[in-house]
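Okay, here's what each chain looks like letter by letter:
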Amino acid sequence: ADPAPTAELLLQAREQRPELEALRQRLREAEAGIRLARASGQPRISVEAAYALQTETVLTPRSGFAAGVVITAPLFNKPVTRHTVREAEERLAQLRSALLAQEQGIALELERYRLDMAEARDRMRLATATLALAEKELEITRLRLERGPAIQLELQGK
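Each residue is numbered by its place in its chain's sequence as written, counting from 1. Two thresholds apply to this predicted model, a pLDDT of at least 70 for residue-level local features and 80 or more for giving and counting side-chain atom pairs, whereas whole-chain, interface and lining totals are computed over all residues. Values reported for side chains reflect all heavy atoms of the structure, with hydrogen atoms and water molecules removed beforehand.

## Points about the overall build of the chain
Then step 1. Every helix listed is a DSSP run of H or I at least four residues long, and every strand listed is a run of E at least two residues long, numbered separately from the N terminus. Within the chain, the secondary structure is distributed over 3 helices and 2 strands.
Then step 2. Reading the secondary structure of the chain in the N-to-C direction produces α-α-β-β-α.
Then step 3. Relative to a compact globule of 158 residues, whose C-alpha radius of gyration would be 15 Å, the chain shows 40 Å and is clearly more extended.
Then step 4. Sorting the 158 residues of the chain into buried and exposed places 13% on the buried side. Just to be clear, the radius of gyration here is over C-alpha atoms, and the globule rule we use is 2.2 Å times residues to the power 0.38. Partly exposed residues are those whose accessible area sits between 20% and 50% of the maximum for their type, while under 20% is buried and over 50% is exposed, using a 1.4 Å probe and protein chains only.

## Some thoughts on the packing of helix α1 (residues 6-16) against helix α3 (residues 78-147)
Then step 1. Convention adopted: a line fitted to C-alpha atoms gives each axis, helices being fitted over their contacting stretch, and angles between N-to-C directions are expressed from 0 to 180 degrees. Interhelical geometry of α1 versus α3 gives an angle of 130° and a closest axis separation of 10 Å. Comparing the axis directions of α1 and α3 gives the class oblique. Two packed elements cross with a definite hand, and for α1 against α3 that hand is right-handed. Of the residues in α3, those touching α1 at T6, L9, L10, A13 and R14 are E103, I106, A107, L110, E111 and R114.
Then step 2. Residue composition of the contact of α1 with α3, grouped by class: 6 nonpolar, 1 polar and 4 charged. These descriptions rest on fixed angle ranges, namely under 35 degrees for roughly parallel, over 145 for roughly antiparallel, 65 to 115 for roughly perpendicular, and the rest for oblique. Handedness of a crossing is defined here by the sense of rotation of the near helix relative to the far one, left-handed for an anticlockwise turn of less than a right angle and right-handed for a clockwise turn. Note on contacts: a residue pair is in contact if any heavy atoms of the two residues lie within 4.5 Å. Amino acids outside the nonpolar list (Ala, Val, Leu, Ile, Met, Phe, Trp, Tyr, Cys, Pro) and the charged list (Asp, Glu, Lys, Arg) are all regarded as polar, and Gly is one of them.

## Description of the pattern of salt bridges
Then step 1. One side-chain nitrogen of Lys or Arg within 4 Å of one carboxyl oxygen of Asp or Glu is enough to make a salt bridge. Taken as a whole, this structure holds 11 salt bridges when the rule is applied.
Then step 2. A salt bridge links R86 to E89, with the nearest nitrogen and oxygen atoms 3.8 Å apart. A residue pair is termed a helical-turn pair when its members lie 3 or 4 positions apart in one helix, as R86 and E89 do in helix α3 at 3 residues.
Then step 3. Of the residues examined, R86 reaches a relative accessible area of 48% and is grouped as partly exposed.

## A short note on the nonpolar core
Then step 1. Counting 14 residues, the largest nonpolar core has L27, L92, L95, L99, I106 and L110 as the members making the most contacts within it.
Then step 2. Breaking this core down by element, the ones donating at least two residues are α1, α2 (18-39) and α3.
Then step 3. Ranked by residues supplied to this core, first place goes to α3 with 6 residues. To define a nonpolar core, start from buried Ala, Val, Leu, Ile, Met, Phe, Trp, Tyr and Cys residues and group those joined through side-chain atoms within 4.5 Å.

## Considering the side chain of T81
Then step 1. Turning to its location among the elements, T81 is positioned in helix α3.
Then step 2. Not counting residues within four places of it along the chain, the set of residues in contact with T81 comprises A37, S40 and G41.

What follows is the structure, encoded as structure tokens:
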């Protein structure tokens, strides 16, 4: 039977190939890396709170509450942040190129298999025709043998 259309087979192959899924996962990781690199250049605010209950003696408990806010602003890290973001973007572009190359390789592989199948079908048709011709020649040879010896005469016209 003829295989499904190439586009349909390509969709199936993209879903079933583990190396493509691994590349897609690495793409997601690279995108997260870009977001993380961009976030590293932003100011950060941390809030801390604590509550403590202490008893000096059994009769006089003492409690305390503490809170704090920490603000961190990376003032001199802009060049490092830009470099880190650019590096992460380059990695993402490399992974996208690798994914595209893998998908194109799979498409070529599918097309090669389609061509191999078409060639095999053509060889089967040729073999069937050759077999039919051989069977006809066998039948003619049997009929000649049944009629006995005969002189074959070939005439050539001018």
